[in-house]
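Remarks on the overall topology
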Amino acid sequence: MGTQKKTPAGVMRTEAEIRELAYNLWWSWHPAAQQIFQELSPYVWEESNHNPVEVLQWVAPQELRARLQVPQFHRSVQFVLDDFHAYMGAKRTWMRKHAPSLAGESIAYFSAEFGLHESLRIYSGGLGVLAGDHAKSASDLGLPLCGMSLFYRQGYFQQQINSDGWQQEQYPLYDPARLPITPVLDTKGDRILVPVEIGNDTVTLQAWMVQVGRVPVFLLDTDVPNNDQRYRDLTAHVYGGDNWTRIAQEIVLGIGGVRLLRAMGIKPATFHMNEGHSAFLTLELLREQRAAGKSLDQAEAYVKRHCVFTTHTPVPAGHDRFDQGLFTAVFEAFAQKMGVGTIELMGYGRENVADTAELFTMTVLALKFCRAANGVSELHGHTSQEMWKALYPGVPMNRIPIGHVTNGIHTAGWTTATAHQFWTARLGESWTEHLRDPRFWHAALHPKTVSDEELWALRISLRRELIEFARKRLHEQNLRYGAGDTESLHRVLSPDVLTIGFARRFATYKRAPLFFRDFEWAIRTIVSKEKPVQLLFAGKAHPRDDAGKRFIQEVVNFTHRLDLFGKVVFIEDYDINVARHLVAGADIWLNTPRRPMEASGTSGMKIAIHGGLHLSTMDGWWREAYDEHNGWKVGEDTTASTEQMQDDLDAASLRAVLEQEIIPLFYQRGKDGIPHQWLRRVRHSMATLIPAYNTERMVVEYAEKYYTLPKPRT
Ligand SMILES: *Cc1c(COP(=O)(O)O)cnc(C)c1O
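Every value quoted in this text rests on a predicted model; they were computed, and no experiment measured them.

Read from one edge of the open sheet, six strands run β17-β16-β15-β18-β19-β20, paired in parallel fashion. The two strands at the open ends of the sheet, each matched to only one other strand, are β17 (568–571) and β20 (631–634). Looking at each pair of strands side by side, their axes are set apart by 20 degrees on average, direction ignored. Here four bridges tie strand β19 (residues 613–617) to β20, and the two strands are oriented parallel to one another. Considered in β20, the bridge of His614 is made with Gly631. Along the sheet face, helix α20 (residues 452–480) touches β15 (498–503), β16 (533–538) and β17 and points at about 70 degrees away from the line of β17.

Buried accessible area, meaning the area lost when the parts come together, often serves as the stated size of an interface. Split into domains, the protein comes out as domain 1 (8–88), domain 2 (106–144 + 234–407 + 700–707) and domain 3 (437–693). A C-alpha centroid distance of 35 Å is found between domain 1 and domain 3.

The next thing to look at is the nonpolar core. Counting residues in each nonpolar core, the largest one holds 140 residues, and the members touching the most others are Leu143, Ile198, Phe280, Phe331, Leu345 and Tyr707. It is helix α10 (residues 243–263) that provides the largest number of residues to this core, a total of ten residues. There are two domains that each give this core at least three residues, and those are domain 1 (8–88) and domain 2 (106–144 + 234–407 + 700–707). With residues up to four places along the chain from it excluded, the contact list for Leu345 reads Leu283, Phe327, Phe331, Phe334, Ala335, Met338, Val340 and Phe360. Leu466, Phe502, Trp622 and Ile663 belong to the second-largest nonpolar core, a separate cluster that totals 98 residues.

Turning next to helix α2 (residues 31–40). Taken residue by residue, α2 has Pro31, Ala33, Ile36, Phe37 and Leu40 as its buried positions. At its buried positions, α2 is contacted by α1 (9–22), α3 (42–47), α4 (52–58), α5 (61–68), α6 (71–89) and α18 (417–427).

Let us now look at the site of the ligand. Looking at the ligand, there are 14 residues lining it, with Arg504, Lys510, Thr602, Ser603 and Lys606 nearest. A distance of 2.7 Å is found between an oxygen atom of the ligand and a backbone nitrogen or oxygen belonging to Thr602. Ser603 is positioned with one of its side-chain polar atoms (N or O) 2.6 Å from an oxygen atom of the ligand. Here the ligand loses 97% of its free accessible area of 390 Å² to cover by the protein chains. Going through the elements one at a time, α8 (126–141) and α24 (576–585) are the ones with two or more residues in the shell around the ligand. Counted by class, the shell around the ligand contains five nonpolar, five polar and four charged residues. Residue assignment places the shell around the ligand across two domains, with domain 2 (106–144 + 234–407 + 700–707) and domain 3 (437–693) each supplying three or more.

Quick look at the environment of Ile36 now. With respect to the element layout, Ile36 can be found in helix α2. Judged by relative accessible area, which is 4%, Ile36 ranks as buried. Along the backbone, Ile36 and Ala444 are 408 residues apart, and their C-alpha atoms lie at a distance of 29 Å. With near-sequence residues (within four places) excluded, Ile36 lies in contact with Phe73, Ser76, Val77 and Val80.

By the secondary structure assignment, Arg287 is in helix α11 (residues 281–291). Taking the relative accessible area as the measure of exposure, Arg287 reaches 14% and is therefore buried. A distance of 2.9 Å separates a polar atom in the side chain of Arg287 from a polar atom in the side chain of Glu284. What Arg287 contacts, discounting residues up to four positions off in sequence, is Arg259, Phe334, Lys337 and Met338.

Attention now moves to the state of the cysteines. Each disulfide consists of one covalent bond between the sulfur atoms belonging to two cysteines. The full count for this structure, using the stated rule, is zero disulfides. Unpaired in this structure, Cys307 has its nearest cysteine sulfur neighbour in Cys370, at a distance of 7.7 Å. Its relative accessible area of 6% is what places Cys370 among the buried residues.

Definitions and cut-offs
Residues numbered from 1 in each chain as written. Predicted model: local features only at pLDDT ≥ 70, side-chain atom pairs only at ≥ 80, totals over all residues. Heavy atoms only, no water. Pairing = 2+ DSSP bridges. Helix = DSSP H or I, 4+ residues; strand = E, 2+ residues; numbered from the N terminus. Axes fitted to C-alpha atoms, helices over the stretch in contact; angles between N-to-C directions. Contact = heavy atoms within 4.5 Å. Domains from an automatic or database assignment. Core = buried A, V, L, I, M, F, W, Y, C linked by side-chain atoms within 4.5 Å. Buried < 20%, exposed > 50% of the residue type's maximum accessible area, 1.4 Å probe, protein only. Near = heavy atom within 4 Å. Polar contact = N/O pair within 3.5 Å; in protein donor to acceptor, adjacent residues only side chain to side chain. Areas by Shrake-Rupley, 256 points an atom, 1.4 Å probe, with all protein chains shown as cover. Nonpolar A, V, L, I, M, F, W, Y, C, P; charged D, E, K, R; others polar. Disulfide = S-S within 2.5 Å.

Laid out in structure tokens, this is it:
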């Protein structure tokens, strides 16, 4: 036997640094970092939904050290770590240069969900993904922001579809020790615990932290041993349970969130409420001020001065509302502590304070207690002004203080490894630092930088990757029904066919089945010999939304038809990972919300960097982005008088634009087999959309318009 060699000190240090890296979601927007964990164990990487913490728990320390002594692996690790350390230590950030007044401050961003990565399932849809992307861009820009949310031990459900096409919900229990999160501790190393009152009970909260680059996101958790079981389960599910669960979760988020920040010694200059769920934080700030001896006027002015609010819901029915019985039951002790009656407290959530029959509305509370408010697209800003005008009597509509900041996406986080490499090879490593620069992207899309051949080759690779992914997932789905014959799976989806993607929450206003409204036409179009079309669907309906589940069933039933087999597919368990594959591989991203129900929408923005084209109703962000050449529209910039009429008009428009423009253009090929006219559109789409519809532009707008807003004096 040879002598036992001592592990070199350099390797020990690198090992410690990799372990630290696993707990910083910086890796989620750096493909080279993900590559390291994937290489360590491709199997665990896949099985854990790409979770570096689990990979490191499966790879024995001796093995890790041995691997690190392989020069090539060590070099790629060192390269990633250098990049990571340079990022974390950067002094010259956007904030230092452009918003230095924020330097000593702190911004607390509250959101009921955060969609940061597929391995951390504490989000349900677009709102959460937006919050996650906001945190990533705040980190990139160097903003002193921290996030606040809940730790959902069972997350949002996992979706399976049964043989009747009906959605089934599973709730696996996540073990925090296996997730990229750490307990929030005090300086002595003990857990920080904070109390909140719910009814006459005091519930204890603990917290977790997920590090997102330079931004920490704190996650409150009621699953603490000395809580009653019903309170321990309170934060189990994202938007789970009945109205009591809902209001109690919102108390934990809003009131518990402020108390956690105080316990950690954080004194935010700005509390940003991302949607109304967290608006109870204003009541806690009010209570603090009263307890410090401030008059009611002073206290209210203080709260208003410290809060900003982003609303996301364009229809009255979508807003959280609570009745007096429930409100009184859960706020009794809190109101007492504050020295007010619950009726008085409820007034803050009523448009008409004197109307005791009115429900308590979270959005009203947030609007009353913020120094600035905004919707998430121009149309949604106007819709919100109209919806809440009663709160601003005598103010002309265009002066109602609800502005808008159009949403975006964190581009690097949404770019697949293949596309990332493609751009890095042509534009250099630093292309992600030019996300807001239209001239950079104009030049990047010049045929001298990227030829049609190269661009088309990228499209083919991405479409192929999606099809391989879809076949693998469909195979797993089929195995469950005992129909796992791999032979026919080779006939599922074709890499040469115009590929349409549709994936998002199956809320009914998004109208997933719209393509099939004229069924004969749909079949004819899909099975066409010369110019076929294939469709991939994915999405979850909320567990209590039976109408949404019927839409899933309708789509799944199409996939079972013999003539549509392998041409229309439904991929189960939509999440960030499924989304990333779909937005990269689809040639056309279909988005059909019923106007004006889509406050902004973001999934369509994720396709631009991959060279897909957007086809959407004129709602949310698309109404601002569409310029007649960078994609296509469904319907007009108007709203019909009935839903039925709107659906008929939009379906007809969808058929017309597909049949007359999109399908012919995709199949119009040069002698070289390349659709040059199609690619012209792709270039123009990329050049106009990439530099505008990203969260870097969005967070800069928040910083300039809202975070640095001169604070009004009391
Ligand atoms: C982007 C995204 C959404 C938002 O999709 P919309 O079409 O804007 O509603 C929802 N869920 C996931 C997982 C996403 O990645």
